[in-house]
Amino acid sequence: MSEPETPRVAVVGDVVHRPAQAWTPTVHALLRHLRASGIAGVPEPLGIDGDVETVRLLPGDAGPACWPHQASERGLASAARLLRRVHDVSRGWQPPAGAGWAHPPAASTDGQTHVICHGDPGPWNMTWADGEATGLFDWDLAYPGPPLDDVAYALEYFAPFRDDAEAVRWHGFAAPPDRRRRISVFARAYGLTSTDGLVDAVIARQEATIAYAASLAERGIEPQVTWVGGGHLDVLAARVAWSRANRGLVE
Ligand SMILES: Nc1ncnc2c1ncn2[C@@H]1O[C@H](COP(=O)(O)OP(=O)(O)OP(=O)(O)O)[C@@H](O)[C@H]1O
Ligand SMILES: [Mg+2]
């Protein structure tokens, strides 16, 4: 979730200091597994000290600097390949006994094998260099789930499921994007053979985002407490409504 902004993260040299959660040890174990399996594009976990975790800064553009990179088809496809690679390497990994996550592991649906979903794989949580996605950070919201959850979440922002004015103003496009084509490019680069069902998957993931944010806020976890207090659930509900009303633009 990219907005509203909350200054909770400090970068000192090449070390990122972020709030630790109860489940951060699980996330660090995952990051160690991914890196040991050859994925250099996820942060090296450095430590947990009280309520602060430290991870290594990944090189490249990140945060709001992502938008021009992701606007090109090359950038778009590279992000899909990165997500697929991370999913593939997470499949079959056994979390430590008693591992906790931000969200309870999803029940297995329609036979999909679980991976570890990143949970927030928007372009702003990727690092970018030479027009391609090179890294994926901010693993706070990871959970065991079907890979389609992450594909759908990413597509909301990469397509994007936003109106033309917002796409041009905020998403780095020079002209309104061809969302259908971008969904198809992302799906193919991820390794899907069809885009069937993806729009419904995006809407379902948008609805799940509302439930996840509400649940984290109810448990007293920041920044969701602040977001929900500031009316963010209404913003999320409006996004679901947009997706339902604008299917013709995306499929
Ligand atoms: N490991 C990292 N490598 C590179 N940049 C990072 C890393 N961790 C954090 N950053 C930078 O710090 C910013 C905020 O970090 P992070 O995404 O972890 O926090 P956040 O508050 O959860 O953000 P958001 O809600 O926007 O996803 C990022 O946009 C990025 O610029
Ligand atoms: Mg982030």
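A quick note: this is a predicted structure, and the numbers were derived from the prediction, not measured.

### Here's the deal with the nonpolar core
In step 1: Counting 58 residues, the largest nonpolar core has L34, W139, F158, F161 and F186 as the members making the most contacts within it.
In step 2: Of all the elements, helix α3 (residues 73–90) adds the most residues to this core, at eight residues.
In step 3: Structurally, this core is a two-domain feature, drawing no fewer than three residues from each of domain 1 (10–56) and domain 2 (63–250).
In step 4: With sequence-adjacent residues up to four places away left out, F186 is seen in contact with L76, A79, A80, L83, V151, A154, L155 and F158.

### Overview of the packing of helix α4 (residues 147–158) against helix α7 (residues 198–218)
Two quantities define a packed helix pair, namely the angle between the axes and the distance from one axis to the other.
In step 1: Look at α4 against α7: their axes get within 8 Å of each other, and the N-to-C directions meet at 90°. In terms of axis orientation, α4 runs roughly perpendicular to α7. Touching L148, D149, V151, A152, Y153, L155 and E156 of α4 are L198, A201, V202, R205, Q206, T209 and Y212, all from α7.
In step 2: Within the contact of α4 with α7, the residues separate by chemical class into nine nonpolar, two polar and three charged.

### So, the pattern of salt bridges
A pair can form between side chains of opposite charge whenever their charged atoms are brought close.
In step 1: Under the criterion given, the structure shown has 17 salt bridges.
In step 2: Residues R18 and E53 are paired through a salt bridge, measuring 2.7 Å at the closest nitrogen-oxygen approach. On the criterion of sequence distance, the pair formed by R18 in strand β2 (residues 15–19) and E53 in strand β4 (residues 52–56) is long-range, its members being 35 residues apart. By the burial criterion, R18 is buried, and E53 matches it.
In step 3: Put simply, D138 and R18 hold a salt bridge, and the shortest N to O gap is 2.7 Å. Within this pair, whereas D138 is found in the loop between β7 (132–136) and β8 (143–145), its partner R18 is found in strand β2, the two being separated by 120 residues in sequence. Judged on exposure class, the residue D138 and its partner R18 are both buried.

### Observations regarding the coordination of the magnesium ion (ligand 2)
In step 1: Taken together, the protein donors to the magnesium ion (ligand 2) comprise N125 (OD1) and D138 (OD), at separations of 2.1 Å. Of this pair, N125 sits in the loop between β5 (115–117) and β6 (126–129) while D138 is found in the loop between β7 and β8, placing the two residues 13 residues apart along the sequence. Of the two residues, N125 and D138, neither departs from the other in class, the shared state being buried.

### Structural notes on the sheet that holds β4
In step 1: Strand order in the open sheet formed by four strands is β1-β2-β4-β3, with antiparallel pairing between adjacent strands. The open sheet terminates on both sides in strands that have one partner only, identified here as β1 (10–12) and β3 (45–49). Geometrically, the sheet is characterised by an average inter-axis angle of 20° between neighbouring strands, direction not taken into account.
In step 2: As judged from the five bridges shared by β2 and β4, these two strands associate in the antiparallel manner. Bridging across to β4, R18 finds its partner in E53.
In step 3: This element, helix α1 (residues 24–36), spans β3 and β4 of the sheet and lies at about 170° to β3.

### Some points on the pairing of β7
In step 1: The pairing of β6 with β7 spans four bridges and is classified as antiparallel. Each bridged residue has a counterpart across the sheet, and for M126 the counterpart in β7 is L136.
In step 2: A loop of two residues connects β6 with β7, the two strands running antiparallel in sequence, and D130 in this loop sits at a positive phi of about 50°.

### A few points about helix α9 (residues 232–245)
In step 1: Along its 14 residues, α9 runs 20 Å from first to last C-alpha, staying within 8% of the 20 Å computed at 1.5 Å per residue.
In step 2: Burial in α9 covers these residues: H232, L236, R239, V240, W242 and S243. In an axial view of α9, the angular spread of the buried residues amounts to 160°, which keeps them on one side of the axis. Away from its buried face by more than 90 degrees, α9 exposes D234 and A245.

### Considering the domain arrangement of the chain
In step 1: When its domains are assigned, the chain resolves into domain 1 (10–56) and domain 2 (63–250).
In step 2: Here the C-alpha centroids of domain 1 and domain 2 sit 21 Å apart.
In step 3: Between domain 1 and domain 2, the contact holds 17 residues from the first and 23 residues from the second.
In step 4: Counting the surface domain 1 buries against domain 2, the share from its top three residues, W23, T26 and L30, is 35%.
In step 5: Between the two partners, domain 1 and domain 2, sit two salt bridges.
In step 6: Where domain 1 packs against domain 2, one counts seven residue pairs in polar contact (both at pLDDT 80 or more).
In step 7: The greatest single-element share of the side of domain 1 that touches domain 2, amounting to seven residues, is contributed by α1.

Rules and cut-offs
- Residues numbered from 1 in each chain as written.
- Chains lettered and ligands numbered in written order.
- Predicted model: local features only at pLDDT ≥ 70, side-chain atom pairs only at ≥ 80, totals over all residues.
- Heavy atoms only, no water.
- Core = buried A, V, L, I, M, F, W, Y, C linked by side-chain atoms within 4.5 Å.
- Buried < 20%, exposed > 50% of the residue type's maximum accessible area, 1.4 Å probe, protein only.
- Helix = DSSP H or I, 4+ residues; strand = E, 2+ residues; numbered from the N terminus.
- Domains from an automatic or database assignment.
- Contact = heavy atoms within 4.5 Å.
- Axes fitted to C-alpha atoms, helices over the stretch in contact; angles between N-to-C directions.
- Parallel < 35°, antiparallel > 145°, perpendicular 65-115°, else oblique.
- Nonpolar A, V, L, I, M, F, W, Y, C, P; charged D, E, K, R; others polar.
- Salt bridge = Lys/Arg side-chain N within 4 Å of Asp/Glu carboxyl O.
- Donors = N, O, S within 2.8 Å, 3.2 Å for Na, K, Ca; no water.
- Pairing = 2+ DSSP bridges.
- Expected span 1.5 Å × (residues − 1).
- Arc of directions from axis to C-beta.
- Buried area = accessible area lost by both parts, 1.4 Å probe.
- Polar contact = N/O pair within 3.5 Å; in protein donor to acceptor, adjacent residues only side chain to side chain.

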